[in-house]
Amino acid sequence: MIAAQDRKLALWNIAVAYIAFLIGTLAGLLQVFIRNDALQLPSWLDYYQILTAHGVLLALIFTTYFIFGFFITGMSKSLGSFGPKVRLVAWIGFAVTTIGTVLATIMIVSGKASVLYTFYAPLKASGWFYVGLALFVIGTWITSFALVGHYIVWRKEHKGKLSPLFAFMAITTIVMWIISCLGVVATVVFQFIPWAFGWVDTINVELSRSLFWYFGHPLVYFWLLPAYMAWYVVVPKLLGTKVFSDSLARLAFVLFILFSIPVGFHHQLTEPGISDFWKFLQVVLTFMVIVPSLITAFSMFATFEIAGRQKGGKGLFGWIKKLPWKDVRFTSIFVAMAFFIPGGAGGIINASFQLNELVHNTLWIVGHFHITVGTPVAMTFMGLTFWLIPYLTGRKFSKSMQKLGFIQIITWTIGMLLMSTSQHILGLLGAPRRTAYSGYNDHPAAQGWFEGLITNHVTMAVGGSILFLSAMILIYIVVMSMFLSPKAVREEDFVDFPMAESDTEHTPKFLENWWIWIGIAFALIIIAYAIPLGAMLDYPGSEGYKTW
Ligand code: HAS
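An account of the accompanying structure is given in this report. Since the model is a prediction, treat every value here as computed from it, not as a measurement.

The subject of this paragraph is the site of the ligand. Taken together, 36 residues form the shell around the ligand, and within it Tyr 221, Asn 356, His 360, His 368 and Arg 433 come nearest. With respect to the ligand, the side chain of Tyr 221 contributes an N or O atom lying 2.6 Å from an oxygen atom. In the model, an oxygen atom of the ligand is placed 2.8 Å from a nitrogen or oxygen of the Asn 356 side chain. When residues of the shell around the ligand are traced back to their parent elements, those giving at least two are α6 (205–238), α9 (291–310), α10 (328–351), α12 (363–370) and α13 (373–393). A per-element tally of the shell around the ligand places α10 first, with 9 residues. Tallied by class, residues from the shell around the ligand come to 23 nonpolar, 11 polar and 2 charged.

Attention now moves to the side chain of Asp 6. Counting through the fold element by element, Asp 6 comes out in helix α1 (residues 4–35). Overall, Asp 6 belongs to the buried group, its relative accessible area being 0%. Leaving out residues up to four positions away in the same chain, Asp 6 has contacts with Ile 72, Ser 76, Ser 81, Phe 82 and Arg 87.

On to the environment of Ala 4. On the secondary structure map, Ala 4 appears in helix α1. Considering only alpha carbons, one finds Ala 4 and Ile 50, 46 residues apart in sequence, at a separation of 38 Å.

Below, the discussion takes up the coordination of the iron atom of the ligand. Among all protein atoms, only His 368 (NE2) binds the iron atom of the ligand, sitting 2.2 Å from it. Summarising the element assignment, His 368 is placed in helix α12.

A few words on the packing of aromatic side chains. For the coordinates displayed, the defined rule picks out 51 aromatic pairs. Between Tyr 228 and Phe 340, the ring centres sit 6.4 Å apart and the planes meet at 65°, which makes this aromatic pair edge-to-face. Residue Tyr 228 is located in helix α6, and its partner Phe 340 is located in helix α10; the two are separated by 112 residues in the primary sequence. With a relative accessible area of 0%, Tyr 228 lands in the buried category. Site record: aromatic cluster; members linked through ring pairs are Phe 68, Phe 71, Phe 119, Phe 129, Tyr 130, Trp 177, Phe 192, Trp 195, Phe 212, Trp 213, Phe 215 and Phe 222. One residue, Lys 124, lies across the ring of Trp 195, its end atom 5.2 Å from the ring centre. Above the ring of Tyr 120, the side-chain terminus of Arg 209 is found at 4.1 Å from the ring centroid.

Calculation criteria
- Sequence order as written defines the numbering, with residues in each chain counted from 1.
- Totals for whole chains, interfaces and linings use every residue, but because this is a predicted model, local features are given only for residues with pLDDT of at least 70 and side-chain atom pairs only at 80 or more, for both listing and counting.
- Calculation of side-chain values draws on the structure's entire complement of heavy atoms; hydrogens and water are dropped beforehand.
- Near, as used in this document, describes a residue that has one of its heavy atoms within 4 Å of the molecule or strand being considered.
- N or O atoms closer than or at 3.5 Å make up a polar contact, with two conditions inside protein: a donor-capable atom paired with an acceptor-capable one, and, for residues adjacent in sequence, both atoms drawn from side chains.
- Numbering of helices and strands runs from the N terminus; a helix is a DSSP stretch of H or I covering at least four residues, while a strand is a stretch of E covering at least two.
- Classification convention: Asp, Glu, Lys, Arg as charged; Ala, Val, Leu, Ile, Met, Phe, Trp, Tyr, Cys, Pro as nonpolar; all other residues, Gly among them, as polar.
- Under the scheme applied here, a residue whose accessible area is under 20% of the maximum for its type counts as buried, over 50% as exposed, and between as partly exposed, the area being computed with a 1.4 Å probe on protein chains only.
- Note on contacts: a residue pair is in contact if any heavy atoms of the two residues lie within 4.5 Å.
- Here the coordinating atoms are restricted to nitrogen, oxygen and sulfur within 2.8 Å of the metal centre, or 3.2 Å for Na, K and Ca, and because water is not among them the sites may look incomplete.
- Stacked, edge-to-face and tilted labels apply to pairs of Phe, Tyr and Trp rings (six-membered ring for Trp) whose centres lie within 6.5 Å, assigned for plane angles under 30 degrees, over 60, and everything in between, in that order.
- Here, a charge over a ring means that NZ of Lys or CZ of Arg falls within 6 Å of the ring centre while also lying within 35 degrees of the ring normal.

No statement about biological role is implied by the geometric values presented.
Listed below in structure tokens is the structure:
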């Protein structure tokens with residue numbers, strides 16, 4: 001069990017994550033009904049307001065707080081309890097992040113920032129929304145520095161040793177996060193804030209979008225890597241085996257530092273302000289960032305097979321039956337992984353220069369992010385929640401909770417299959433994304449989007465409603481595990497942090513030489529970005545628009 005003060009810190013982070021989850025999923029439910037033309041909002045509430053709340057609260061706030069709750073617990077478990085200074089800095093980080101979150105949320109709720117989570121210029125929100133965003137990012141940096149400080153102390157005390165795999169992976173994710181946030185901080189502080197407060201008249205749109213996507217793509221790996229940490233470190237323990245290969249796991253993570261950042265242009269392939277050469281280069285680098293995910297898929301299959309065979313599984317596939325299907329902590333994560341097979345394939349389609357033309361501004365992309373961040377990541381976090389909160393509160397995770405956990409992941413799976421499949425197909429049929437109403441005054445092309453079983457906005461709404469039901473079951477489990485479930489008293493009732501052993505005997509030491517990886521990462525960033533961003537500095541600016 002980790003120190004009580006560290007548990008408190010982690011629990012506060014997880015609590016804020018789930019408050020954001022609750023409001024964010026409610027916004028999601030309203031959205032699918034509006035897009036289905038089944039709901040008219042009152043005049044004081046705007047579709048884009050809800051869409052912004054949904055994106056910001058789920059994609060940014062829920063994920064970030066949950067990730068830090070998980071990191072704090074795992075770092076304290078694997079490296080030992082935090083010292084008083086580390087704890088203080090982590091609390092300051094939490095406070096600054098939360099001030100930023102509250103400020104940005106107030107601006108969204110009061111209708112002053114309906115600019116979606118990508119806040120593309122020249123849409124112009126209240127300056128305080130951008131101040132909130134800046135504080136949010138700076139707060140996460142402060143918490144990150146606390147965790148890095150804890151890691152540095154450990155390394156000084158264990159000279160020449162490789163750090164535990166969990167800590168290594170957390171630091172890799174943090175390094176990637178800090179480097180990538182430089183882009184969003186630059187655009188928010190130097191472009192958006194002066195413009196939104198009226199200190200300058202115009203904003204350089206192409207530059208702001210490029211700086212956003214310099215951050216926006218590694219952002220998706222900031223969500224994914226903690227899920228991968230669970231796959232590499234937690235899953236083998238649940239299967240009763242070791243990490244398949246410590247070196248391969250570390251290699252996959254450092255490849256994310258190198259290749260996750262210089263690829264942001266693949267979100268801007270349809271924009272005229274960037275020349276084809278730079279788009280092509282970044283598309284090639286995008287295909288490099290697929291490699292560590294393929295390494296992860298390989299490692300997972302190997303882990304499953306080894307564990308199944310150790311338990312007596314015979315023949316080509318006999319080991320599958322030996323996996324612990326009745327353990328919701330495992331099954332939830334397995335389903336999450338399975339979703340990432342089509343999710344990743346969709347990403348490869350998006351990144352293919354020509355195919356992107358077909359899917360870019362359509363519901364296909366919405367389908368893509370629901371089967372990447374919305375399931376592989378979110379469902380892994382759900383699988384972690386089932387034991388992480390009881391571990392931190394010292395409460396039981398009873399058999400009835402386990403059953404409820406199964407109902408929750410089954411409903412999430414069904415809801416997501418219905419919703420994301422119809423989103424993908426509707427996207428191919430031309431249904432746009434980021435739009436409030438999809439009926440288009442009964443235009444024949446739009447009417448087709450209300451026909452067919454899967455190619456139908458109604459299917460999407462049914463899926464969305466099932467997802468909302470699932471989210472409420474999860475909230476019930478969270479509240480029970482935080483406050484109401486009976487305290488564990490007997491030894492066997494205590495829920496532990498499942499952290500698998502990892503053999504570092506053959507792991508090359510250079511994998512933990514950060515200067516090599518940070519150095520190469522910056523070299524790649526300069527190659528991919530210096531010239532095109534430099535050219536953008538001369539682009540004319542635009543006035544702001546408030547379209548809502
Ligand atoms: Fe993406 C757009 C390309 C991964 C999220 N992406 C988005 C947006 C979001 C997002 C939110 O190139 C929308 C942004 C917006 O608002 O405009 N994406 C990729 C590529 C990958 C990728 C190449 N995306 C993700 C992940 C996300 C995420 C991860 C969130 C967590 N994406 C794009 C592109 C766009 C884009 C373009 C812009 C589109 C546009 O035009 O706007 C790759 O990282 C994917 C690699 C993954 C794999 C899969 C490996 C499979 C594994 C599972 C193994 C399973 C096991 C279980 C072991 C190669 C590891 C076995 C079970 C059985 C049942 C057999």
